[in-house]
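Chains, contacts and geometry: an overview
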Amino acid sequence: MIVAALALSAMLAGCNGSQTQPGSNPQPQPQPQATPFQSVRDGVTPQPVPVGALKINADKAWQYNKEVVGFGSRPVGSEGHAKLEAWIKSKLKNDNLEVDEFPIDSPAGKFTGRNYIAKFPGKKDGIIVIAGHYDTVYNLPKAFVGANDGGSSTALPIAIADVLRGKPNDGYSVWILLTDAEEAFQKWSATDSLYGTKHLAEKWKQDGTAAKIKAFILVDMIGDKDLDIDEDRNSTPWLRKVVYQAASDLGEQSHFFVRPNEIEDDHLPFARIGVPVVDIIDIDYGYNNVFHHSVEDTLDKESEKSLEIVGNTVLETVRLLNQQ
Ligand SMILES: [Zn+2]
């Protein structure tokens, strides 16, 4: 689950009102002006993408999304979750796969969570992480299959792994991360959410991995037919700009960053330890986000084209980061 705040200008009106000097006549003070939100959309000119640049296999990404949904509901501790874990392991088994196990102490009880990390080495010193969560919400009816919320965020990173596999890489190493227990067990809060990434960010901070991460690129709910990626203010501005440049290079910028928002998602634990992060998410899923965390989150609300647009934008982002 994701928490979003839309009332931006109201929130930005801070308490920096000017003070009256002692002895002076109090005058009506002008209302403090809200700082206008500076979108990264300004000042980006599309650049030509070289022939042969990496592209997603959209048919496969879509096939993966269908297969993941075929496991049914996939909350931590469920049969669907266990089946999906076996599926993820089978897809990434030849990719230096690391299984990162961690304890979960949730309002619904204790569980063991597992993040999966596939590693594609590069020649440049540094790591780009491409991440998505594979669990679905815990306390929803079994009919909830999370085609978009959980399904698309599992399918796309694995389809990106397919593109990277077996290719020489002169750029940064790319790690594909499938995160567990992103969702709340009872009700989304600072403590009941993001279990897998809170654990992993702490681990990577301790072992020095975090300092090597050049960019943490998160994808979530990216299968919506009506693709409209939020400009997340909790994401690092310069990295947001690279993503917008990538989308513009591909002629897909109309799907990106028209709506400013603030998103709580798996990128936050890494942002807090100083890693550059971006969340690529469309939190307007159905009219007024009505399909989000609803049994209506099914494959017919998604499109292969949306997975293709986001997948190719992520790959172009990686190409641009390697040029920096
Ligand atoms: Zn969710």
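None of the values given here were measured: they were computed from a predicted structure.

The subject of this paragraph is the nonpolar core. Grouped together as the largest cluster of nonpolar side chains are 53 residues, with contacts concentrated most on Ile176 and Ile280. Among residues more than four places away in sequence, those in contact with Ile176 are Tyr116, Ile117, Ala118, Phe120, Ile130, Pro157, Ile160, Ala161 and Leu164. Trp175, Leu177, Ala210 and Leu218 belong to the second largest nonpolar core, which has 16 residues in total.

Our next topic: the side chain of Ser153. Of note, Ser153 is situated in helix α4 (residues 147-164). A distance of 2.7 Å separates the side chain of Ser153 from the backbone oxygen of His133, its partner in a polar contact. Of note is the side chain of Ser153, whose polar atom sits 3.3 Å from the backbone oxygen of Gly150. With near-sequence residues (within four places) excluded, Ser153 lies in contact with Gly132, His133, Asn148, Leu178, Val219, Asp220 and Ile222.

Ordered by their spatial adjacency, six strands build an open sheet running β2-β3-β5-β4-β6-β9, and the pairing between neighbours is mixed. Looking at which strands have only one partner, the edges of the open sheet turn out to be β2 (98-106) and β9 (277-281). Along the sheet, successive strands turn relative to each other by an average axial angle of 20°, direction set aside. In terms of strand pairing, β2 meets strand β3 (residues 109-120) through nine bridges, oriented antiparallel. Each bridged residue has a counterpart across the sheet, and for Asp105 the counterpart in β3 is Lys110.

Structurally, Ser235 is set in the loop between β7 (229-232) and α6 (237-249). In this structure Ser235 comes out as buried when scored by relative accessible area, which is 2%. Side-chain polar atoms of Ser235 contact the side chain of Asp232, separated by 2.7 Å. Side-chain polar atoms of Ser235 contact the backbone nitrogen of Asp279, separated by 2.9 Å.

So, on to the confidence of the model for the chain. Counting all residues, the mean pLDDT for the chain is 91, and 90% of those residues have values of 70 or more. This model gives residues 7-24 a pLDDT under 50, and the stretch forms 15 contacts once residues within four places in sequence are excluded.

Evaluation of the coordinates by the stated rule reveals 21 salt bridges. Residue Lys119 is joined to Glu98 by a salt bridge in which the shortest nitrogen-to-oxygen separation is 2.6 Å. With Lys119 in strand β3 and Glu98 in strand β2, this residue pair connects regions lying 21 residues apart in the sequence. Classification of Glu98 as partly exposed rests on a relative accessible area of 22%. A salt bridge links Lys305 to Glu308; the nearest nitrogen and oxygen atoms lie 3.6 Å apart. Of this pair, Lys305 and Glu308 both sit in helix α8 (residues 304-323), three residues apart, which is roughly one turn of that helix. Given the relative accessible area of 47%, Lys305 is considered partly exposed. In the salt-bridge network here, residues are joined through shared partners; they are Asp228, Asp230, Arg259, Asp282 and Asp284.

This brings us to helix α3 (residues 79-92). Given a rise of 1.5 Å per residue, 14 residues ought to cover 20 Å, and the 20 Å separating the end C-alpha atoms of α3 matches this to within 8%. Those residues of α3 that sit buried are Gly80, His81, Leu84, Glu85, Trp87, Ile88 and Leu92. Projected down its long axis, α3 carries its buried residues within an arc of 165°, all on one side. Here the buried face of α3 lies against α2 (58-70), β3, α4 and β5 (172-179).

Conventions we followed
- Residues numbered from 1 in each chain as written.
- Predicted model: local features only at pLDDT ≥ 70, side-chain atom pairs only at ≥ 80, totals over all residues.
- Heavy atoms only, no water.
- Core = buried A, V, L, I, M, F, W, Y, C linked by side-chain atoms within 4.5 Å.
- Buried < 20%, exposed > 50% of the residue type's maximum accessible area, 1.4 Å probe, protein only.
- Contact = heavy atoms within 4.5 Å.
- Helix = DSSP H or I, 4+ residues; strand = E, 2+ residues; numbered from the N terminus.
- Polar contact = N/O pair within 3.5 Å; in protein donor to acceptor, adjacent residues only side chain to side chain.
- Pairing = 2+ DSSP bridges.
- Axes fitted to C-alpha atoms, helices over the stretch in contact; angles between N-to-C directions.
- pLDDT = per-residue confidence, 0-100.
- Salt bridge = Lys/Arg side-chain N within 4 Å of Asp/Glu carboxyl O.
- Expected span 1.5 Å × (residues − 1).
- Arc of directions from axis to C-beta.

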